[in-house]
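Coordinates in review
What follows is each chain in one-letter form.
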Amino acid sequence: LTAISISAVLTARLLIESSILLPIAIFFTISIIAAYMLYQTIAKPITKISEYISRLIKGDLKAKFSIDENDEFGYLGNEIKEIQIKLETFINKLTKQSTNIITAGESITRSSEVALSKINGLNLFIEKLADGNGSTSAAVEEIAASIAEMVNEFQSVRKEIENTDLISKEAMEI
């Protein structure tokens, strides 16, 4: 029993080590392949979507994005792309409505300035009439004409206010 050869012991030891190390090496190789596949199917699309969202948050509505996945990540990426398109459309409409409101406001300001000028003119005519300068009937005619012009200007201002109101309502619907 004691006469076991050293070469037999070494052979047995080598056989035991290889039967333990081979499965460990195979398991390690499979683990690396599985980790790479997980990275390709999960981490890479998530990173791509996350970077795209970050650009949108920073205001880059022209950011390009494409995802070739036919799974949940592809669906999510396409939904985020749709949000970008709708957001860009909303901002364009809002910008247009803001421009229209500014234009209407400027028009109201001009009409108000004209109306104020007519009121100041009327005030001067009334002062002339009170001073007794000039013909009374001529002053009254000028006052009547000025009042008619003021009425027209105030009607113009009212129309501009109505237009501004409509534009504001349209902007609120966006």
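Residues numbered from 1 in each chain as written. Predicted model: local features only at pLDDT ≥ 70, side-chain atom pairs only at ≥ 80, totals over all residues. Heavy atoms only, no water.

A word on the pattern of salt bridges. One pass over the full model with this rule turns up two salt bridges. For Arg13, the salt bridge is made with Glu17, and the minimal N-O distance between the two is 3.1 Å. Of this pair, Arg13 and Glu17 both sit in helix α1 (residues 6-57), separated by four residues, roughly a single helical turn. A salt bridge links Lys62 to Glu88; the nearest nitrogen and oxygen atoms lie 2.5 Å apart. Of this pair, Lys62 sits in the loop between α1 and α2 (72-131) while Glu88 sits in helix α2, placing them 26 residues apart in sequence. The exposed category is assigned to Lys62, whose relative accessible area is 61%. (Salt bridge = Lys/Arg side-chain N within 4 Å of Asp/Glu carboxyl O. Helix = DSSP H or I, 4+ residues; strand = E, 2+ residues; numbered from the N terminus. Buried < 20%, exposed > 50% of the residue type's maximum accessible area, 1.4 Å probe, protein only.)

Inspection of the secondary structure assignment puts Gln84 in helix α2. Within polar-contact distance, the side chain of Gln84 engages the backbone oxygen of Ala63 at 3.1 Å. When sequence neighbours within four positions are dropped, the list of residues in contact with Gln84 reads Tyr52, Leu56, Leu61, Lys62 and Ala63. (Polar contact = N/O pair within 3.5 Å; in protein donor to acceptor, adjacent residues only side chain to side chain. Contact = heavy atoms within 4.5 Å.)

Time to look at the packing of aromatic side chains. Enumeration over the complete set of coordinates arrives at one aromatic pair. Ring centres 4.2 Å apart and planes at 20° place the aromatic pair Tyr52 and Phe65 in the stacked group. Of this pair, Tyr52 sits in helix α1 while Phe65 sits in the loop between α1 and α2; the two residues are 13 residues apart in sequence, bridging distant segments of the chain. Assessed through its relative accessible area of 0%, Tyr52 is described here as buried. (Phe/Tyr/Trp six-rings, centres within 6.5 Å; stacked < 30°, edge-to-face > 60°.)

Let's shift gears to the environment of Asn100. Mapping Asn100 onto the fold places it in helix α2. Given a relative accessible area of 28%, Asn100 falls into the partly exposed group. In sequence terms Asn100 and Asn163 are 63 residues apart; their C-alpha atoms lie 9.5 Å from each other.

Attention shifts here to the environment of Ser18. As for its placement among the helices and strands, Ser18 is situated in helix α1. Of note is the side chain of Ser18, whose polar atom sits 3.0 Å from the backbone oxygen of Leu15.

Before going further, it helps to examine the nonpolar core. Within the largest apolar cluster, nine residues are counted, these being Ile49, Tyr52, Leu56, Leu61, Ala63, Phe65, Ile67, Phe73 and Ile80. Only α1 and α2 provide two or more residues apiece to this core. Here the element with the most residues in this core is α1; it accounts for three residues. Among all residues touching Leu61, those that are not within four sequence positions of it are Leu56, Gln84, Leu87, Glu88 and Ile91. (Core = buried A, V, L, I, M, F, W, Y, C linked by side-chain atoms within 4.5 Å.)

Turning our attention to α1. Since the α-helix advances by 3.6 residues per turn, residues separated by three or four positions end up pointing in the same direction. Taking 1.5 Å per residue, 52 residues should reach 76 Å; α1 reaches 72 Å between its end C-alpha atoms and fits that length. Its maximal kink placed at Tyr39, α1 deviates by approximately 40°. Turning to α1, its buried residues are Pro45, Ile49, Tyr52 and Leu56. Positive backbone phi, at 95°, marks Gly59, one or two positions downstream of α1. (Expected span 1.5 Å × (residues − 1). Bend = angle between axes of the 7 residues up to and from the residue.)

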